[in-house]
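Summary of the model geometry
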Amino acid sequence: MSSKQLKKIIDSNNNMMVGVYGSLGIYKSTLMYSIQTNKPILPKGEYEIKQIPIQSNTAMWRFPFVDYMLTEKAYSDKGVDKNYLLSYGGKLNPISKIYNLFIYDEVKRIMTLELQNRNGQLQLEHTRKSGQEYTKITWIKGSAKKTLLDVPGYINEFSTPSISLNNRYMIISSQIRGEHLAFVDATYYVFDLKTMSLIQKIKPHYKLYEYKIEWFNDELVRISYDTSRPNAYPPVYYHIPTQTSTVSRELLEYVSYLDNFTYEGLLSLDAPISLRVDNQYIRYSGNGPLLEKDRFFVPFLDFAGQQGITVDISATEIKLTKKDKQTSIDIKNVKKIGDVWYVPLRDLIPLNYKILEANDSYIIMETVKDGEIN
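Worth saying up front: this structure is predicted, and the values here are computed from it rather than measured. (Residues numbered from 1 in each chain as written. Predicted model: local features only at pLDDT ≥ 70, side-chain atom pairs only at ≥ 80, totals over all residues. Heavy atoms only, no water.)

A look at the overall build of the chain
Each helix and strand counted, the chain has 1 helix and 32 strands in total. Burial analysis of the chain (374 residues in total) assigns 41% to the buried set. Here the analysis covers contacts within the chain between residues at least 6 apart in sequence; of these, 37% occur between residues at least 24 apart. Carbon and sulfur atoms provide 48% of the accessible area of the chain, an area that totals close to 22,200 Å². (Helix = DSSP H or I, 4+ residues; strand = E, 2+ residues; numbered from the N terminus. Buried < 20%, exposed > 50% of the residue type's maximum accessible area, 1.4 Å probe, protein only. Contact = heavy atoms within 4.5 Å. Areas by Shrake-Rupley, 256 points an atom, 1.4 Å probe, with all protein chains shown as cover.)

Right under this line is the structure:
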């Protein structure tokens, strides 16, 4: 057992409220102080701290997925607010421009967003026609102008656009809101940020308001929903290049600082379904088995390579051979996601296997011994 001494940083009376920002190493009473030095980091004034998209355009992997911005409010209406990026201990870095965040332009009376990849800006306009909300997003670069979206619905500028970690893709969510906001019919539009072209439309699994959109690399994104029944409406992963959606089997919040993987080739961040054959685990080169509507699909090139199975793929079927056993699987029953082939688990049984147990956590198989019936 170890013991540490507590350090008093402030004496407070009942009339003073103290706000502590532990992850930033600062606290606020009458002034903003560094916990480390116990000295003010700014003079007396009105300040606001909020999370904004990451402003640096460097490494793909970083935790957390946000920066913290401190705004020093101007004393007069004609004054200009001053913005700073805030790092641990109250270190301030002045910024003149904020990227990937819609900001209301008081002069033009319109929402504008500066793209971090220096590829112009977006303008957002909300209108209402015959009781229906409409949204228009225009991309502007120099003298060039292009309408990206002009659709029914409302775009929540606080949660979208959501931009992948290396500025490859952008997701914009349009929400047609139900009566009394009871439900929402949403569409997620995916844009290539290099060409500013629409490459994909995603219809979500549920008619719920989104809680948050999280990118784990430039291809894998997770959408969580605002619900009091997470068991009934779990988050959904989307793999943009293959247009694959995977409903999460886990409700635990993903904690990104536990690792530094790039997640290349993965379709979700759920713990993979382990596959054990004769007490030996199959090692996956990418994503593990899939579970869809109570059916298991196995990444069979990984499986075949480790089980001594010969594979012959034609336009109509996949032929698998192991010693004197052979089976053919209709290509219509096989899934191909990107470069990875998946076969139904039960279609491996003719190769002298039996399934002992299969659930959403693990699969256990055995080779049938001579004289046994599988």
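Now that the structure has been shown, the text picks up again.
Considering the sheet that holds strand S32 (residues 362–367)
The mixed open sheet is built from 4 strands, whose spatial order is S23-S22-S32-S31. Both edges of this open sheet fall to strand S23 (280–281) and strand S31 (353–358), since each of them pairs with a single strand only. Against the sheet, helix H1 (residues 300–307) makes contact with strand S22 (274–277), S23, S31 and S32, and its axis sits at roughly 25 degrees relative to S22, the strand it touches most. (Pairing = 2+ DSSP bridges. Axes fitted to C-alpha atoms, helices over the stretch in contact; angles between N-to-C directions.)

Observations regarding the environment of arginine 168
With respect to the helices, strands and loops of the structure, arginine 168 is situated in the loop between strand S14 (162–163) and strand S15 (169–177). Classification of arginine 168 by relative accessible area gives partly exposed; the value is 36%. For the pair arginine 168 and asparagine 117, spaced 51 residues apart in sequence, the C-alpha to C-alpha distance is 9.1 Å. If we skip the residues at most four places from it in the chain, arginine 168 touches Phe191, Asp192, Leu193, Asp218 and Glu219.

Topic: the packing of aromatic side chains
In total, this model carries 5 aromatic pairs according to the counting rule given. Ring centres of tyrosine 206 and tyrosine 225 lie 5.1 Å apart, and the angle between their planes is 85 degrees; this geometry places the pair in the edge-to-face category. One end of the pair, tyrosine 206, is in the loop between strand S17 (197–202) and strand S18 (210–215); the other, tyrosine 225, is in strand S19 (residues 220–225), and 19 residues separate them in sequence. Accessibility expressed as a relative area gives 6% for tyrosine 225, which makes it buried. Judged by centre distance (6.3 Å) and plane angle (45 degrees), the ring pair of phenylalanine 216 and tyrosine 237 falls under tilted. With phenylalanine 216 in the loop between S18 and S19 and tyrosine 237 in strand S20 (residues 236–239), the pair connects residues that are 21 residues apart, well separated along the chain. Tyrosine 237 matches phenylalanine 216 in its accessibility class, with the two residues each being buried. Linked through ring pairs, Tyr206, Tyr225 and Tyr233 together constitute an aromatic cluster. Stacked on the ring of phenylalanine 297, the Lys or Arg lysine 335 has its end atom at 5.5 Å from the ring centre. (Phe/Tyr/Trp six-rings, centres within 6.5 Å; stacked < 30°, edge-to-face > 60°. Lys NZ or Arg CZ within 6 Å of the ring centre and 35° of its normal.)

With respect to the nonpolar core
Phe303, Leu320, Leu348, Tyr353 and Met365 are the most contacted members of the largest nonpolar core, which totals 22 residues. At the level of elements, S22, strand S25 (295–299), H1, strand S27 (317–322), strand S30 (340–344) and S32 are the ones that each hand at least two residues to this core. For this core, the leading source of residues is H1, giving 3 residues. Apart from residues no more than four positions distant in its own chain, leucine 320 is found in contact with Phe300, Ile309, Thr310, Val311, Lys325, Gln326, Thr327, Ile329, Leu348 and Leu351. Residues Leu124, Leu149, Ile163 and Met170 belong to the second largest nonpolar core, which totals 19 residues. (Core = buried A, V, L, I, M, F, W, Y, C linked by side-chain atoms within 4.5 Å.)

Some points on the confidence of the model for the chain
Looking at the chain as a whole, its pLDDT mean stands at 85, while 87% of the residues score no less than 70. Within the model, the stretch residues 58–63 combines pLDDT values under 50 with 18 contacts to residues more than four positions away or in other chains. Confidence over residues 255–259 falls short of pLDDT 50; this stretch has 6 contacts with residues more than four positions distant or in other chains. (pLDDT = per-residue confidence, 0-100.)

Re the pattern of salt bridges
Under the defined criterion, the tally for this structure stands at 10 salt bridges. With its nearest N and O atoms 3.7 Å apart, the salt bridge here joins arginine 128 to glutamate 133. Look at glutamate 133 and you get buried, because its relative accessible area is 16%. Put simply, glutamate 214 and arginine 222 hold a salt bridge, and the shortest N to O gap is 2.9 Å. (Salt bridge = Lys/Arg side-chain N within 4 Å of Asp/Glu carboxyl O.)

Here's the deal with H1
Think of an α-helix as 3.6 residues a turn; residues three or four steps apart then line up on the same face. Every buried residue of H1 is listed here: Phe300, Asp302, Phe303, Ala304 and Gln307. Just downstream of H1 lies glycine 308, where phi reads positive at about 70 degrees.

So, the pairing of S20
By the alternation rule, side chains of S20 split into Val236 and Tyr238 and Tyr237 and His239, which are all buried. Sheet topology places S19 next to S20; 4 bridges connect them, and they run antiparallel. Opposite valine 221, over in S20, you have tyrosine 238 as the bridge partner. Bridge count between S20 and strand S21 (residues 244–247): 4 bridges; the pairing is antiparallel. Bridged to histidine 239 within S21 is threonine 244. Two successive antiparallel strands, S20 and S21, enclose a turn made up of 4 residues, where glutamine 243 displays a positive phi of approximately 55 degrees.

As for the environment of leucine 85
Note on placement: leucine 85 falls in strand S6 (residues 82–87). Distance in space between the C-alpha atoms of leucine 85 and isoleucine 95 is 6.8 Å, their sequence separation being 10 residues. Apart from the residues lying within four places of it in its own chain, the contact partners of leucine 85 are Ile52, Gln55, Asp67, Tyr68, Lys91, Leu92, Asn93 and Ile95.

What about the side chain of glutamine 121?
With respect to the element layout, glutamine 121 can be found in strand S10 (residues 121–129). Residue glutamine 121 is classed as buried on the basis of its relative accessible area of 15%. A distance of 2.8 Å separates the side chain of glutamine 121 from the side chain of glutamate 114, its partner in a polar contact. Among all residues touching glutamine 121, those that are not within four sequence positions of it are Thr112, Leu113, Glu114, Leu115, Thr138, Trp139 and Ile140. (Polar contact = N/O pair within 3.5 Å; in protein donor to acceptor, adjacent residues only side chain to side chain.)

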